[in-house]
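# Structure assessment
The primary structure of each chain is shown beneath.
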Amino acid sequence: MSNVFAEAADWLTDGTHWQGADGVPARLGEHLGYSALTVVIAAAVALPLGLWIGHTGRLRGLAIGLTGALRSLPTLGLLTLVVLWMGIGLTPPVLALVVLAVPPLLAGAYAGVESVDPRTVDAARGLGFTEWQVLTRVEVPLALPLILGGFRSAVLQVVSTATVAAYIGLGGLGRYLIDGIAVRDYPQTLAGSLVVVVLALALDGAFAVAQRSAARA
Amino acid sequence: MTWFLENADRIGDLTVRHLWLSVLPVALGFLIAVPIGWWAQRHARLGAVVLGTGSILYTVPSLPLLVILPGVLGTSFLDPANVVVVLTLYAVALLVRTAADAFAQVPRDVVDAADATGHSAVQRALRVELPLAGPVLLAGVRVVSVSTVSLVTIGALIGVANLGSLFTEGYQRGFTTEIVIGLGTVVLLALALDAVWVLLGRLLLPWARGARAGG
């Protein structure tokens, strides 16, 4: 079985797998494209809501319950369900992945704003800051490490789960896995897996650096 | 509803399989992670390395890991053991940090008092630190358990039977009802398991009531 690794290495070093519409760069581009679209939509929904909850302290219980409930929803089930409802296309996978990305983003935003020292917030109000200025100039910058932490887990979950989206006919790196499993081409499956793992680790490393510099600023 | 009644036996069977594939990794993960977390918390430098490795492990996506593992372990591709090993790895990766945090918040003077009253290191760990770390550990187990129940479904993609099989089968047959019932059962299973942890917590950690749960 260990020669599967050697075969996977051969697959990866084969130049023909690095060009064309189903070559690694093209699949990587698709994968990152879906992931970016998903995270942008999820952030547009979750960030304003999370910042508002953190700033006002309202609906906090609801946010905690919602993030917990969304986490128990299996993405594979959601994915297959939305496809049967809406048909094949970009919308179903992106919709299912948005559901996955919202909880960490929401939690990062409200927990981040909540963690800001109330004395700092009061001091800003005392200086005559409006509520909007308090939020944008004091709370958001101080909450940045936790907000970035939310982005980090959202991006990683989306990038790793986007592989599952190939199951419903989408492109991306998951193609190598799902197609490989279907025709028992395990070297291809393994090679695709290794590319996804390297991508996840690289993104996580980038976020670790970003979070560290945000915490220092 | 008719479909549900006609297939109740099969759904029951898949639920039992699913339950096993969820409980086993959480239990194994807990047993492995708690000693490591306890150790990591007392050895700051090496501990940080261990905790860092845990987080890196957690970033590895599950489907690729399920595919890679048979090559590493020499197991058959369809072996349910692969699912258990992958999910145990995730449980350990998540719980090691929680365990380290849980032991770190045990008050220093309580630990000193235990030492002063003649507890050995092992006695102190088991009788004093573990019970006090209990509530935070419980919160961690609840998070891991919910995400594990949900992750088991990915196993269906490589052909390991569980409630996720209802998704793949329903998708292939274009049968929405089957997927909806699968989703509902998975969520119910996650909630039921969570309720069991809460109940176990009340029984085993009666002093924790009202304590603030971390995580």
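Residues numbered from 1 in each chain as written. Chains lettered and ligands numbered in written order. Predicted model: local features only at pLDDT ≥ 70, side-chain atom pairs only at ≥ 80, totals over all residues. Heavy atoms only, no water.

### Re the overall build of chain A
The helix and strand inventory of chain A stands at nine helices and zero strands. Taken from the N to the C terminus, the helices and strands of chain A come in the order α-α-α-α-α-α-α-α-α. For chain A, the spread of C-alpha atoms along the three principal axes comes to 65 × 40 × 30 Å. Expressed as a percentage of the 217 residues in chain A, the buried residues total 48%. In chain A, the share of contacts with a sequence separation of at least 24, taken over all contacts with a separation of at least 6, comes to 74%. Computing the positive centroid from 12 side-chain charges and the negative centroid from 13, chain A places the two 11 Å apart. (Helix = DSSP H or I, 4+ residues; strand = E, 2+ residues; numbered from the N terminus. Buried < 20%, exposed > 50% of the residue type's maximum accessible area, 1.4 Å probe, protein only. Contact = heavy atoms within 4.5 Å. Lys, Arg positive; Asp, Glu negative; His and termini not counted. Charge placed at Lys NZ, Arg CZ, Asp CG, Glu CD.)

### Re the interface of chain A and chain B
Listed by partner, the interface residues are 35 residues for chain A and 32 residues for chain B. Of the roughly 2,900 Å² buried between chain A and chain B on both sides combined, carbon and sulfur atoms contribute 82%. When residues of chain A are sorted by the area they lose upon contact with chain B, Leu76(A), Leu84(A) and Tyr167(A) head the list and together hold 19% of the total. Counting across the interface, chain A meets chain B through zero salt bridges. Linking chain A with chain B are one residue pair in polar contact (both at pLDDT 80 or more). Looking at which element gives the most residues to the side of chain A that touches chain B, the answer is helix H9 (residues 186-216) of chain A, with 10 residues. (Buried area = accessible area lost by both parts, 1.4 Å probe. Salt bridge = Lys/Arg side-chain N within 4 Å of Asp/Glu carboxyl O. Polar contact = N/O pair within 3.5 Å; in protein donor to acceptor, adjacent residues only side chain to side chain.)

### Quick look at the UniProt feature "transmembrane region" (unreviewed entry) in chain A
All names here are of chain A. Sequence positions flagged by UniProt for "transmembrane region" (unreviewed entry) are, in local numbering, residues 32-54, 61-88, 94-113, 154-178 and 190-210. End-to-end, the C-alpha atoms of residues 61-88 are 36 Å apart, and along that stretch the chain is 86% helix and 0% strand. Overall, residues 190-210 shows 100% helix and 0% strand. The separation of its end C-alpha atoms is 30 Å. (UniProt positions renumbered as here; feature names shortened; annotations may be inferred.)

### Considerations on the packing of helix H4 (residues 75-86) of chain A against helix H9 (residues 176-204) of chain B
Where H4(A) contacts H9(B), the axes come no closer than 9 Å and their chain directions differ by 150 degrees. Here H9(B) runs roughly antiparallel to H4(A), going by the angle between their axes. For the crossing formed where H4(A) meets H9(B), the hand is left-handed. Residue-level contacts link Gly77(A), Leu78(A), Thr80(A), Leu81(A), Leu84(A) and Trp85(A) of H4(A) to Thr176(B), Ile179(B), Val180(B) and Leu183(B) of H9(B). Tallied by class, the residues present in the contact of H4(A) with H9(B) amount to seven nonpolar, three polar and no charged. (Axes fitted to C-alpha atoms, helices over the stretch in contact; angles between N-to-C directions. Parallel < 35°, antiparallel > 145°, perpendicular 65-115°, else oblique. Left-handed = near helix turned anticlockwise from the far one by under 90°. Nonpolar A, V, L, I, M, F, W, Y, C, P; charged D, E, K, R; others polar.)

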